Amino acid sequence: MSEVRLPSALRRLLWGLGAAAAYVAVVWTASVQGGMPVRLLFDGPHPQQPYNFVDPPTDLAARNLPAQPGEATFGLLSKGVIAGGSVSTGDGQAGLTFPAQTFAARPGQEVVVTITPQDPLSVGPPPDGLAFDGNAYTVRAEYRPSGQEASPEREVTALLRYPVRANTLLRWDGSGWSRLESTNVPATLQVYANTDQLGTFVAAGPPPPGGQTNWIVFIPLAAIALAAIAGFRARRRQRTKWTRQGTRRGAR
């Protein structure tokens, strides 16, 4: 019985489809199931900067840089109202934007907004079904030079960048975390929400899988191993065929 061989172009196509399937399986497993802090298929128009943790995971501690704070001062406009604007941390991981007249104007006073990073676990545990993803950030506004607290009279927008898999923004209400109506931007690893109060904010998402072996990881590895074995056996058969043909020719 003669061996049926596929055309070389079709064999290359099948190898390419197999490699693509294995790649997609690895990407899906790593980003969706494994919780890796990378986006293997699409990472936005520019590579994301490494995340700066206040308390980094053990495997990232050696190369972690300290999370940076932010501060900005807003004075009176010609109409006698406090200017709007934005403030962000030095590493761009947290920011706040607000319109003019968000803070009440006081004669001779400016408004200073500060953003301070901290470990979210030092504030309070996450709500059930959620895990913190990145630092918490405390946002404060005060009048200077008086030092009195400045409370927003309009909604402001808080934005945080997260390292892995967040999908919501939480605000500490003094006794627990409140979930804000949030917009997630996975392509840039950012989540933002409007809020009528300042305070401490943190990004959160579903807990990473743990405690069980993720057998999906081995699917692409098994596929590659089977393909390698099949290729080795095909090559061995081909060599055997050549050897037999050479032996027959020598016998003649």
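This report concerns the structure included in the present document. (Residues numbered from 1 in each chain as written. Predicted model: local features only at pLDDT ≥ 70, side-chain atom pairs only at ≥ 80, totals over all residues. Heavy atoms only, no water.)

Some remarks on the overall build of the chain
Point 1. Counting its regular elements, the chain contains two helices and eleven strands.
Point 2. Scanning the chain from its N terminus toward the C terminus, one meets helices and strands in the order α-β-β-β-β-β-β-β-β-β-β-β-α.
Point 3. Relative to its 252 residues, the chain shows a buried fraction of 33%.
Point 4. When contacts within the chain are restricted to residue pairs at least 6 apart in sequence, those whose partners lie at least 24 apart make up 67%.
Point 5. For the chain, the accessible surface area stands at approximately 15,700 Å², while carbon and sulfur atoms represent 56% of it. (Helix = DSSP H or I, 4+ residues; strand = E, 2+ residues; numbered from the N terminus. Buried < 20%, exposed > 50% of the residue type's maximum accessible area, 1.4 Å probe, protein only. Contact = heavy atoms within 4.5 Å. Areas by Shrake-Rupley, 256 points an atom, 1.4 Å probe, with all protein chains shown as cover.)

Overview of the pattern of salt bridges
Point 1. Taken as a whole, this structure holds three salt bridges when the rule is applied.
Point 2. We note a salt bridge from R144 to E142, for which the minimum N-O separation is 2.6 Å.
Point 3. R144 sits in the partly exposed class, given a relative accessible area of 33%.
Point 4. Residue classification places E142 among the buried positions, given a relative accessible area of 18%.
Point 5. One network of salt bridges, with partners in common, ties together R140, E142 and R144. (Salt bridge = Lys/Arg side-chain N within 4 Å of Asp/Glu carboxyl O.)

Overview of empty space enclosed by the protein
Point 1. Counted according to the given criterion, the structure contains one cavity of 30 Å³ or more.
Point 2. Approximately 40 Å³ is the volume attributed to the largest cavity.
Point 3. If you go around the largest cavity, the residues you meet are A94, G95, I115, Y137, V139, A158, L159, L160 and F201.
Point 4. Contributing elements (two or more residues each) for the lining of the largest cavity: strand 3 (94–98), strand 5 (131–144) and strand 6 (156–161).
Point 5. It is strand 6 that contributes the most residues to the lining of the largest cavity, three residues altogether. (1 Å grid on protein atoms, 1.4 Å probe; cavity = no way out; pocket = protein on both sides within 12 Å on 5 of 7 lines; lining within 4 Å. Points joined across faces, edges and corners; volume = space filled by probe spheres on them.)

Re the sheet that holds strand 4 (residues 110–118)
Point 1. The six strands are arranged 1-4-5-11-7-8 in an open sheet whose pairing can be described as antiparallel. In this open sheet, the two edge strands, each paired with only one partner strand, are strand 1 (70–74) and strand 8 (177–180). The sheet shows a mean angle of 25° between the axes of neighbouring strands, taken without regard to direction.
Point 2. Bridge analysis of strand 4 against strand 5 gives nine bridges, and the strand direction is antiparallel. By the bridge assignment for strand 5, E110 is matched with R144. (Pairing = 2+ DSSP bridges. Axes fitted to C-alpha atoms, helices over the stretch in contact; angles between N-to-C directions.)

Some words on the environment of A100
Point 1. On the secondary structure map, A100 appears in the loop between strand 3 and strand 4.
Point 2. Owing to a relative accessible area of 28%, A100 belongs among the partly exposed residues under this scheme.
Point 3. As for A100 and G85, which are separated by 15 residues in sequence, their C-alpha atoms are 7.4 Å apart.
Point 4. With residues near it in sequence (within four places) discarded, A100 still touches L77, I82, A83, G84 and R154.

Let's talk about the sheet that holds strand 3
Point 1. Strand order in the open sheet made by the five strands is 2-3-6-10-9, with antiparallel pairing throughout. If you trace the sheet from one side to the other, it starts and ends with strand 2 (85–88) and strand 9 (182–185), each paired once. Each strand of the sheet is rotated relative to its neighbour by a mean of 15°, with strand direction disregarded.
Point 2. Note that strand 6 and strand 10 (residues 190–195) share six bridges and pair antiparallel. Looking across to strand 10, one finds that R161 is bridged to Q190.

A few points about the nonpolar core
Point 1. Grouped together as the largest cluster of nonpolar side chains are 33 residues, with contacts concentrated most on L96, F103, V111, V113 and L169.
Point 2. If you list the elements that add at least two residues to this core, you get strand 1, strand 3, strand 4, strand 5, strand 6, strand 10 and strand 11 (199–205).
Point 3. L169 has contacts with A158, L160, S178, R179, L180, S182, V191, Y192, A193, F201, V202 and A203, leaving out every residue within four places of it along the chain. (Core = buried A, V, L, I, M, F, W, Y, C linked by side-chain atoms within 4.5 Å.)

Comments concerning the packing of aromatic side chains
Point 1. Evaluated as defined, the whole model comprises five aromatic pairs.
Point 2. Consider the rings of F98 and F103, whose centres lie 5.4 Å apart with planes at 80°: the pair is edge-to-face. In terms of burial, F98 and F103 fall into one category: buried.
Point 3. Aromatic ring contacts, followed pair by pair, group F74, F98 and F103 into a single cluster. (Phe/Tyr/Trp six-rings, centres within 6.5 Å; stacked < 30°, edge-to-face > 60°.)

Interpretation note: all reported values are geometric properties and have no functional meaning in isolation.
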